[in-house]
Amino acid sequence: RRAGRWLLLLVACWAAAGCAGFWSGDCDEAPATPREYNGVYRGEHLDRIAFPLGGIGAGMVCLEGTGALSHLSIRNKPDVFNEPCVFAAVCVKGGSADGASNIARVLEGPLPTWKIFGTPESGNGGRGKTYGLPRFARAEFIARFPFATVTLSDDDLPVRVEITGWSPFQPGDADASSLPVAALEYRLANTSSEPVEAVFSFNARNFLASGPDGHGVRGIPRGFVLFEEGSAETPWEQTAFCAQVSNAAAKVNCAWFRGGWFDPLTIAWKDIAEGACFDREPVTEGGASPGGTIFVPLAIAPGETATVPLRISWYCGASDVRRGKDIPGDAGSAVPGNHEPWYSGRFGSVDEINHFWKTSYDELREKSARFRDCFYDTTLPPEVIEAVAANLTILKSPTVMRQQDGRLWCWEGCCDAWGCCHGSCTHVWNYAQAIPHLFPELERTLRETEFEVSQDERGHQAFRSALPIRPTAHDFHAAADGQLGGILKVHRDWRISGDTDWMRRLWPRVKASLEYCIAVWDPKHKGILEEPHHNTYDIEFWGPDGMCSSFYLGALRAADLMGTALGDDTSLYRELLSKGARYLETELYDGEYFIQKIQVDGLEAKSPLEFESFGGKYSPEAVDLLRKEGPKYQYGTGCLSDGVIGAWMAAVCGAGSILDEEKVTSHLLAVHRYNLKRDLSDHVNPQRPTFACGSDGGLLLCTWPNGGKLSLPFVYSDEVWTGIEYQVASHLLLRGRIDEGLEIVRVCRDRYDGRIRNPFNEYECGHWYARALASYALLEGLSGARYDAVEKKLHLEPRIAGDFRAFLSTATGYGTVGVKDGAPFVDVKAGAIDVKAIEYTPAK
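Within any chain, residue numbers begin from 1 and follow the written order of that chain's sequence. The predicted origin of the model limits local features to residues at a pLDDT of at least 70 and limits the giving and counting of side-chain atom pairs to 80 or more, whereas totals for whole chains, interfaces and linings rest on all residues. Water and hydrogen atoms were dropped before computing side-chain values, which therefore reflect all heavy atoms in the structure.

**Quick notes on the packing of aromatic side chains**
For the record, the criterion: We call Phe, Tyr and Trp rings a pair once their centres come within 6.5 Å, taking the six-membered ring for Trp, and we label the pair stacked below 30 degrees between planes, edge-to-face above 60, and tilted otherwise. Ring-over charges, as used throughout, are those where CZ of Arg or NZ of Lys falls within 6 Å of the ring centre and within 35 degrees of the ring normal.
All chains considered together, the criterion is met by 44 aromatic pairs. Ring centres 6.4 Å apart and planes at 65° place the aromatic pair W411 and W418 in the edge-to-face group. An aromatic cluster of at least three residues, connected via ring pairs, comprises Y41, F51, F141, F145, F169, F371, F375, Y376, F439, F760, F807 and Y814. In this structure, R346 is placed above the aromatic ring of F356, and the distance from its NZ or CZ to the ring centre is 4.8 Å. When the ring centre of F147 is taken as origin, the NZ or CZ atom of R372, which lies over that ring, is 4.5 Å away.

In structure tokens:
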């Protein structure tokens with residue numbers, strides 16, 4: 001009986017630990033260690049971290065949670081998961097317990113186990129990787145954008161190491177923030193009671209080499225340059241990567257051992273382990289050097305710290321990237337060649353970049369740290385700060401491009417080796433709210449391209465712009481949400497900049513765009529989009545719907561505000577706005593949320609069978625469904641997460657309210673009630689499941705709580721999209737529904753906790769997906785802070801009761817806004833913000 005009681009107790013313990021399935025051999029894994037939002041990452045939460053460093057449109061290098069360098073993408077295109085043999089190391093001389101031998105370690109934490117059998121070369125043993133070299137026993141990671149810090153410790157070593165990675169980021173200074181550079185500051189602290197003699201080294205195999213010839217390693221003072229010469233036929237292969245330290249005692253080996261098999265790394269590690277520290281000139285005969293090393297000797301007294309600031313920079317002045325259809329015979333399409341990055345117009349070589357980086361380092365660091373300190377000096381919830389800051393890394397990813405004349409051009413996201421979905425896609429970049437506030441001059445170049453380059457004489461706007469930027473073919477439907485959203489964004493960018501002359505210049509093109517939208521989608525002037533209209537789901541909605549018609553109302557309101565300011569007659573816009581709002585609130589509001597009325601009859605459009613669509617022709621099976629259910633890919637009675645997105649756009653673009661606010665709030669609460677899933681294990685998703693699946697939580701694009709789901713609802717409807725989560729969350733916050741909004745943020749960020757997904761790479765159609773920049777709107781959602789540079793007025797309508805502090809960025813400066821002792825305040829940290837008045841409405 002005593003044995004039986006012990007057995008029952010043991011089973012109870014196993015059950016309490018989540019392992020009741022032990023007896024069947026089907027034990028669940030123990031729950032993951034809880035992680036604090038915006039806090040330190042440890043253990044399994046380090047596994048997928050890759051924090052981008054680099055410049056806007058300049059490429060990137062990622063600092064991993066363990067201290068490794070990966071995702072090196074420096075040739076004007078993504079190279080996701082690219083982890084070449086590039087590493088830092090330390091040798092502590094006589095560091096063993098008996099003091100008789102050295103201890104050498106790569107300056108990284110334990111290897112994430114997924115790399116052992118989860119990389120392209122793993123089946124062949126990981127050839128060319130550094131995974132077999134000894135590492136530190138423990139690592140921790142914390143991000144404070146644009147800085148990130150890895151802390152390494154190991155009981156066998158008398159030093160603790162701190163690696164701080166950063167790259168320049170200064171709101172309002174796009175050029176400084178677009179440099180192809182990054183810094184890694186290695187701080188080694190002596191944790192023992194005895195002096196430590198050590199040698200730091202930075203080691204890199206020439207990962208640029210693409211063949212047996214035309215590449216090499218050359219020396220510079222306290223550093224080296226890896227290079228690939230390229231050719232006249234492949235100028236995009238001409239690339240250089242520079243590494244340099246500031247330490248005067250540094251030595252440089254430009255001539256790694258040349259040999260077959262694993263010889264180069266074998267000898268390089270032998271030098272490291274022996275505590276070598278020597279100069280070796282570049283080779284002048286025979287084959288090229290396989291790599292280079294910088295050695296820095298260090299003498300660290302007990303309790304003291306030694307620092308090695310490593311500056312890296314790169315240069316690839318050409319690319320093989322050209323996107324968009326040329327128009328035969330059109331002078332504008334004669335823009336020759338491929339994309340060339342912005343920095344290639346300012347700098348002629350990696351040496352010029354390195355010189356600028358070296359001489360400007362302290363100033364750039366100070367300004368980047370000033371932004372960091374201001375941004376994180378906040379009382380907003382940590383999940384919000386984490387969501388905003390984590391997605392600012394998109395600006396340092398290959399998703400964002402900047403051509404030589406300074407204009408911005410972007411992908412939607414990044415495939416592993418190529419940009420994903422070209423052309424600064426208007427209906428995707430609608431969601432992105434960070435660049436217009438942080439770098440408004442760059443954002444305005446997107447408007448200029450949309451209206452002045454990608455819009456034809458009819459007012460039809462190609463929603464994917466060409467690169468190099470030039471006129472492109474208008475051979476497909478305009479995107480209703482993208483084109484209408486562009487009008488709202490002109491209004492937003494005008495209010496942010498205060499530049500009425502800029503808005504006046506675009507105004508004729510804006511009117512032409514809106515008149516095209518009216519003629520094509522609302523020819524009967526009902527104030528709704530009735531004719532089939534293409535949208536961000538890559539399909540067309542037939543009949544009026546809350547999503548795109550709310551965009552229409554927002555564009556009408558924005559056009560009315562802009563036209564009135566310029567003295568134009570905008571009475572038609574006001575009339576359509578009034579009709580449309582009334583229709584949505586009576587005909588499309590089902591008492592809980594806004595729906596779509598699917599319509600085919602009575603339209604000017606051709607039959608769905610004759611209508612051109614990304615979805616292709618109707619198969620015989622689809623024709624049968626058409627007869628029974630109407631056009632495929634609609635949402636009808638569904639509860640769409642984007643169902644009132646036009647009201648959100650109007651709010652964040654400073655255009656005010658366009659629909660009954662109680663009904664908008666009701667829709668958002670329905671989305672929270674029906675579409676937010678805390679566990680997707682039982683959810684059916686035949687589309688693209690890896691954005692969120694299994695035990696993940698997420699906000700579904702659409703649900704049908706009252707029935708009516710079509711056999712073929714709109715594509716993607718069963719998916720979870722990160723940016724739409726933030727759109728809904730920030731809109732809930734704007735409506736004062738704090739708990740519901742924050743819960744969506746937490747559910748999203750819980751997926752990106754470092755165990756399975758990279759916390760700094762929220763993906764959808766590609767890595768670092770642009771739509772996730774909607775998270776920036778969370779700041780306004782909670783603080784209610786919006787600066788109007790036209791009126792010189794700060795609108796402050798917080799949803800937080802009592803005192804608070806939050807970050808605010810404007811076209812002329814940034815700082816902290818909030819309420820202190822019941823009174824509103826603005827504390828400018830950089831530049832200037834000309835506030836003539838504060839319109840403050842305390843939280844209810």
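**Brief notes about the pattern of salt bridges**
As a reminder, the rule being used: For salt bridges, the criterion is a side-chain nitrogen of Lys or Arg within 4 Å of an Asp or Glu carboxyl oxygen.
Counting across every chain of the model gives 59 salt bridges. E530 serves as the salt-bridge partner of K526, at 2.8 Å between the closest nitrogen and oxygen. Counted as one network, the salt bridges with shared partners bring together E443, R447, E450, R492 and D493.

**Side note on the environment of T570**
This is how the line gets drawn: Secondary structure elements follow DSSP: runs of H or I no shorter than four residues count as helices, runs of E no shorter than two count as strands, and numbering proceeds from the N terminus. The contact rule is simple, with two residues in contact once any of their heavy atoms fall within 4.5 Å.
You can see T570 is positioned in the loop between helix 11 (546–565) and helix 12 (571–588). Separated by 13 residues in sequence, T570 and R557 place their C-alpha atoms 9.7 Å apart. Here T570 is in contact with A559, D560, G563 and T564, once residues within four sequence places are set aside.

**Thoughts on the pairing of strand 2 (residues 50–54)**
Regular strands place their side chains on alternate faces of the sheet. Going by this rule: Whether a residue is buried, partly exposed or exposed follows from its accessible area with a 1.4 Å probe, protein chains only, as a fraction of its type maximum: under 20%, in between, or over 50%, in that order. Any two strands with at least two DSSP-identified bridges between them are counted as paired.
Counting buried positions over the 5 residues of strand 2 gives 5, a clear majority of the element. Bridge count between strand 2 and strand 3 (residues 60–64): 5 bridges; the pairing is antiparallel. The partner of L53 across the bridge, within strand 3, is V61. Connecting strand 2 to the next strand, strand 3, in antiparallel fashion are 5 residues, including G57 with a positive phi near 75°.

**Here's the deal with the side chain of R786**
Put simply, the test is: Under the counting rule used here, the positive set is Lys and Arg, the negative set is Asp and Glu, and His together with the chain ends is not counted.
Position of R786 relative to the elements: it lies in strand 28 (residues 785–788). In this structure R786 is buried but unpaired, with D788 as the nearest side chain of opposite charge at 4.1 Å.

**Details of the environment of D803**
This is how it is decided: Counted as a polar contact is a pair of N or O atoms within 3.5 Å, where, for protein atoms, one must be capable of donating a hydrogen and the other of accepting one, and residues adjacent in sequence contribute only when both atoms are in side chains.
With respect to the helices, strands and loops of the structure, D803 is situated in the loop between strand 29 (793–796) and strand 30 (804–809). Residue classification places D803 among the partly exposed residues on the basis of a relative accessible area of 43%. With residues up to four places along the chain from it excluded, the contact list for D803 reads V819, K820, D821 and G822. A polar contact is formed between the side chain of D803 and the backbone nitrogen of D821, at a distance of 2.8 Å.

**Considering the packing of helix 11 against helix 14 (residues 645–652)**
Let me state the cut-off plainly: Where helices are involved, their axes are fitted lines through C-alpha atoms of the stretch in contact, as for all axes, and angles between N-to-C directions lie from 0 to 180°. Put simply, angles under 35 degrees are roughly parallel, angles over 145 are roughly antiparallel, angles from 65 to 115 are roughly perpendicular, and the rest are oblique. For this classification, the nonpolar set comprises Ala, Val, Leu, Ile, Met, Phe, Trp, Tyr, Cys and Pro, the charged set comprises Asp, Glu, Lys and Arg, and every other residue, Gly included, is treated as polar.
In the contact formed by helix 11 and helix 14, the axes pass within 6 Å of each other and the chain directions differ by 30°. Accordingly, the angle class assigned to the pair helix 11 and helix 14 is roughly parallel. Contacts from M547, S550, F551 and G554 in helix 11 reach I645, G646, A647, M649 and A650 in helix 14. Of the residues belonging to the contact of helix 11 with helix 14, the class tally is 6 nonpolar, 3 polar and no charged.

**Observations regarding the state of the cysteines**
Formally: Throughout, a disulfide means two cysteine sulfur atoms within 2.5 Å of one another.
Per the stated rule, a full pass over the model turns up 0 disulfides. Left unpaired, C414 is separated from the closest cysteine sulfur, that of C415, by 8.1 Å. Note on C421: no disulfide assigned, nearest cysteine sulfur contributed by C765 at a separation of 3.5 Å.

**A closer look at helix 4 (residues 350–376)**
The test is simple: Take the number of residues in a helix, subtract one, and multiply by 1.5 Å to get its expected span. Throughout, bend refers to the angle between the axes fitted to the seven residues that end at a position and the seven residues that start at it.
Here helix 4 contains 27 residues, and its C-alpha end-to-end distance of 33 Å is more than 12% below the 39 Å for a straight helix at 1.5 Å per residue. Taken as a whole, helix 4 carries its principal kink of about 65° at S360.

**Thoughts on the sheet that holds strand 31 (residues 813–820)**
Taken in spatial order, the 3 strands make up an open sheet running 30-31-32, and their pairing is antiparallel. Sheet topology places strand 30 and strand 32 (823–831) at the edges, where each strand pairs with a single neighbour. Within the sheet, the average angular offset between the axes of one strand and its neighbour, ignoring direction, is 20°. Note: strand 30 against strand 31, 6 bridges, orientation antiparallel. Bridge pairing in strand 31 links F807 to T816. Sheet contacts for helix 4: strand 30, strand 31 and strand 32; angle to strand 31, the most-contacted strand, approximately 20°.

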